[in-house]
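What follows is the residue order along each chain.
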Amino acid sequence: MRTSLKYLGIFVFLISESCFADIIINGNQNINTPTTYSNVTLDMSNGRFTVNTGGALNIENSTINVTISPTNPFFTTLTNGSLMMHNNTVNVTVNGIASTPNTQSMNPLVNIQQGSVDLSGNNFAVSTPFTVSALQTQNTTTTGFNIVNNTFSQFHGGLYLNNSNSATVTGNMFTNVSFASIWHSGNLSTFNNNIILFPGNLNMGDAIDIVNANADNINNNTISSGVNYGIFVMGGQNISIDNNQISDGLSYGIFIQTPSSLMAHKHKYLSKLLFKPNVKINFISNKNISITNNYLTQNRYGLAGGVVDQLIVTGNTFIQRFSDSSVRQYWTDNDILLPSASNLIWVNNFYKEAFAQDMPGDNSKSLEFVTYPAHGGVFIP
Amino acid sequence: MIKRSYFFLLFFIHHCYAETLIINGATQINTHVVYQNVTLDMSHGYFIIAPSGYLEIKDSQINGTIFPDNFYLFNIEGGLRFENNILHLNSVNIIPQPNNITNYFLFHITRGMAKIENNHFFMETPYTVGFFLTDEKYKTTHLFYHNIISQFHGGIFLANSDNTIIKKNTFIKVSLSNILNIKCHNSVLEKNKFLFSGYHTVGDAIDIFQSDAVNIKNNFINSGYCYSIVISDSKNLVIEQNQILGGITYGISIEPFSYVYNRFVDLFTRWHVSLEHINQNENIKIQNNYLAQNRYGITATNVTGLTVMNNVFIQKFGSASDRKFWTNNEILLNNVTQLLWENNKYKEAFSQDISDSNKDAFQFVLFPSTGGVQL
């Protein structure tokens, strides 16, 4: 009996340790073997992890308080190995990092040179806007990232997946993320069921950038109140953009840019993301891009693009509001919006005038759907 | 080897070339009946599922027609499981009545339960046939998961239904109400998408009347022709993380029952719901919602215990005085006691006019509890 009580005491002690333990991480901790933190609070105000070959950092059901500063510039770097985070809350504060709204963050929270990533059910938030980006890969190819059902709030750059293949990014919520909320170059990746609110954080940045990518699926995402483009493609082949809702954007809902360094240089923040001195990027051409069943609502403009071959646009609904018929016709005329699209298939697209928001506003044109023609613009009598 | 190939071939043929079954007239289901991987021709027939019956239809194509003399394609007193089907419906000799409740429904359930998952329902003729209607006499419980419901004249109409889950469905161009609950308890309405609710005429996306403990979470409501969410005479509701966009009027309206009664009087008469009412709402939480480019945001009348927190309102006004007036809770909230209004933000919507200025649209400002928004 006494022995049982003793064991019970030890068991209770272990449980309480695992549930409430506060672990201080000091300096750079190299992870060279599998290491797990579960049900703990990690104080990382002056500590960080570097995961190396053979290392696996697993963190679950924990709270992580990180301070990013010049002496503690990241939360985790993968030189190789793996990072698995499930159901954590990650609170990021900054100290001594300047807000740089118009230039790229130099401080990714998670920096990946190579290795694997599995993030699921985490809440990531940074307290100061325009300072820290969430996750960034480098030039080495990565494969099979799984990033599902997380929230990312107020980062200066969300997920930069450069040379990343077969990534799955689904069910995440991005709020007030400046620069790109999702950036992808690589192939065979899926970006589904994400909610992206205020991409650009009222300053600069698209919701989803697809640059030099092949066989990506961008489906069923909700993008609202973006300050630049909703979905931007430059150098995309075999891309499916299906059943997304893009609303209240300052500019185009979907834009397909002519792939060239010149055009990229003209793009305010792509130029900052893509180009380092003396670096030349070889873009692939835009080809076989399918835009289907999307709802583009109350963005200033709908869909436009530069040079693209085999563009398929079917089953989309465009909702916009124009002050007069000639302006409507101009800004819905594909001869102006898609002047360099070859082999364009444009079928079964509809337009509806948005409801008025001003009080005596007229809704007489807002009740009907009309065909959005392939040429000549939308005409509402 | 040949025998195996033969079986494989047989299996393949059955799956690719589903048998067409013709349902003629009233077909009574008294036992457990399963239709799988078939084409059901219901252009001249319908099912009546008896209390002892349980009908399962899976992986099938259904082509149905509603006539004036048969009100429902599925009249249910037992159980129904409807999974992975495509149903194409039309109506013949039924006059479209955009502004009135229809008497014709695809599913009508008196008692029992329905599980409706992963189907695509398309109604050819608008304003004629509703999707799902319960009676009010028996308590029922249902599951609607991941369906597409298109162009019906009324979506899911539930009376006296408890523990019903309506999740991940897409309602497209459904006129009248898309989801209407009255006297329902412990309902979950989550991750549904409503596009063009009301379809050219009247109709809200979600109506909750005289109900208790309803969670309306993570829904997406775009371009509603009437209100997006209406609450009346209900209590213990949570409305959170919804995105409500582009509606012609209020995003969320909490009203006394006397305000809504006339809008649905035919339906209420059918359900024996009278105008006797308490005219009061209680304990309603509206939090973390995003309401953009609706003409108005939230209005409420007769509420005890209203919490409005962490919502974002995006609207556009022609003048500062209009903005102030239409965001002033002294005008928008009437007879609301125990109001907790915290951390709500306003942003001026981006302009859609090409030549217009966006200078006011790049900032979030506090949406105050009184006095209206001042930029």
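Predicted model only: the values in this text are computed from it and were never measured. (Residues numbered from 1 in each chain as written. Chains lettered and ligands numbered in written order. Predicted model: local features only at pLDDT ≥ 70, side-chain atom pairs only at ≥ 80, totals over all residues.)

Q: What's the story with the overall build of chain A in this structure? I'm lost.
A: Per the secondary structure count, chain A includes five helices and 37 strands. Relative to a compact globule of 381 residues, whose C-alpha radius of gyration would be 21 Å, chain A shows 23 Å and is just as compact. Expressed along its principal axes, the backbone C-alpha trace of chain A runs to roughly 90 × 50 × 35 Å. Relative to its 381 residues, chain A shows a buried fraction of 48%. (Helix = DSSP H or I, 4+ residues; strand = E, 2+ residues; numbered from the N terminus. Rg over C-alpha atoms; globule rule 2.2 N^0.38 Å. Buried ≥ 20, exposed ≤ 12 C-beta atoms within 10 Å, placed from the backbone.)

Q: I tried to follow the overall build of chain B on my own but got confused; where do I start?
A: When you go through chain B residue by residue, the secondary structure sums to five helices and 34 strands. Since a compact globule built from 375 residues should have a radius of gyration of about 21 Å, the 23 Å found for chain B is in line with a globular shape. For chain B, the share of sequence-separated contacts (at least 6 apart) that also reach a separation of at least 24 residues comes to 60%. (Contact = placed C-beta atoms within 7 Å.)

Q: I tried to follow the interface of chain B and chain A on my own but got confused; where do I start?
A: Bring the parts together and some accessible area is lost; that lost area is often taken as the interface size. Contact residues are listed per partner, giving 28 residues for chain B and 27 residues for chain A. Those elements that place two or more of their residues in the side of chain B that touches chain A are strand 23 (220-222), strand 26 (243-245), strand 29 (290-292) and strand 31 (312-315) of chain B. Residues that form the side of chain B that touches chain A fall into these classes: twelve nonpolar, twelve polar and four charged. (Nonpolar A, V, L, I, M, F, W, Y, C, P; charged D, E, K, R; others polar.)

Q: For this particular structure, what's the right way to read unusual backbone geometry?
A: Among all residues except glycine, the phi angle is most often negative; among peptide bonds, the trans geometry is most common. Even without glycine at this site, A:Asn149 takes up a positive phi of about 60 degrees. Mapping A:Asn149 onto the fold places it in the loop between strand 14 (146-148) and strand 15 (151-153). Under the C-beta neighbour-count criterion, A:Asn149 is labelled partly exposed, with 16 such atoms within 10 Å. In this structure, B:Ser223 takes a positive phi of about 60 degrees despite not being glycine.

Q: Teacher, can you tell me more about the environment of A:Thr190 here?
A: Here A:Thr190 shows up in strand 21 (residues 190-192). Each residue touching A:Thr190, except ones within four places of it in the same chain, is listed here: A:Thr168, A:Val169, A:Thr170 and A:Asn217.

Q: Looking at this model, I keep getting lost on the pairing of strand 12 (residues 133-137) of chain A. Mind explaining?
A: The side chains of a regular strand alternate, residue by residue, between the two faces of the sheet. Residues and elements named next belong to chain A. Counted residue by residue, strand 12 has five buried out of five residues, so it is predominantly covered. As paired strands, strand 9 (residues 108-112) and strand 12 are joined by four bridges and run parallel to one another. From the neighbouring strand, Asn111 faces strand 12, where its bridge partner is Gln136. Alignment of strand 12 against strand 16 (residues 159-161), held across two bridges, turns out to be parallel. From the neighbouring strand, Leu135 faces strand 16, where its bridge partner is Leu159. (Pairing = 2+ DSSP bridges.)

Q: Quick question: what am I supposed to make of the confidence of the model for chain B here?
A: Predicted coordinates in regions of low pLDDT should not be interpreted in detail. Residues and elements named next belong to chain B. This prediction gives chain B a mean pLDDT of 93; 95% of its residues lie at or above 70. When the criterion is pLDDT under 50, residues 1-17 qualifies, and its contacts beyond four places in sequence or with other chains add up to two contacts. Confidence estimates for the predicted assembly give a pTM of 0.92 and an ipTM of 0.90. (pLDDT = per-residue confidence, 0-100.)

Q: What am I meant to see in the nonpolar core here?
A: Most often, soluble globular proteins keep nonpolar side chains buried together rather than apart. Counting 201 residues, the largest nonpolar core has A:Ile231, B:Phe74, B:Leu106 and B:Phe107 as the members making the most contacts within it. In this structure, B:Leu106 is in contact with B:Tyr72, B:Leu73, B:Phe74, B:Leu89, B:Phe121, B:Val129, B:Phe131 and B:Phe132, ignoring residues within four places of it in sequence. (Core = buried A, V, L, I, M, F, W, Y, C linked by C-beta atoms within 7 Å.)

Q: Honestly, the pairing of strand 11 (residues 123-126) of chain A in this entry has me stumped. Any pointers?
A: Residues and elements named next belong to chain A. Only one face of strand 11 is covered, namely the face carrying Phe124 and Val126; the face carrying Asn123 and Ala125 is uncovered. Two elements, strand 8 (residues 89-94) and strand 11, share four bridges in a ladder whose sense is parallel. Residue pairing for strand 11: Val90 is matched across the bridge by Phe124.

Q: Looking at this structure, how should I read the environment of B:Gly112?
A: Residues and elements named next belong to chain B. Following the sequence through the fold, Gly112 ends up in the loop between strand 9 (105-109) and strand 10 (113-117). By C-beta crowding, Gly112 is classed as buried, having 20 other C-beta atoms within 10 Å. Separated by 242 residues in sequence, Gly112 and Ile354 have C-alpha atoms that sit 55 Å apart. Discounting residues that sit within four places of it in the chain, Gly112 has contacts with Ile76, Glu77, Gly78, Gly79 and Thr140.

Q: Just to check I follow, could you spell out the confidence of the model for chain A for this structure?
A: When pLDDT is averaged along chain A, the result is 92; 93% of the residues meet or exceed 70. Confidence drops under a pLDDT of 50 for residues 8-19 of chain A, and excluding neighbours within four residues, the segment shows three contacts in the predicted structure.

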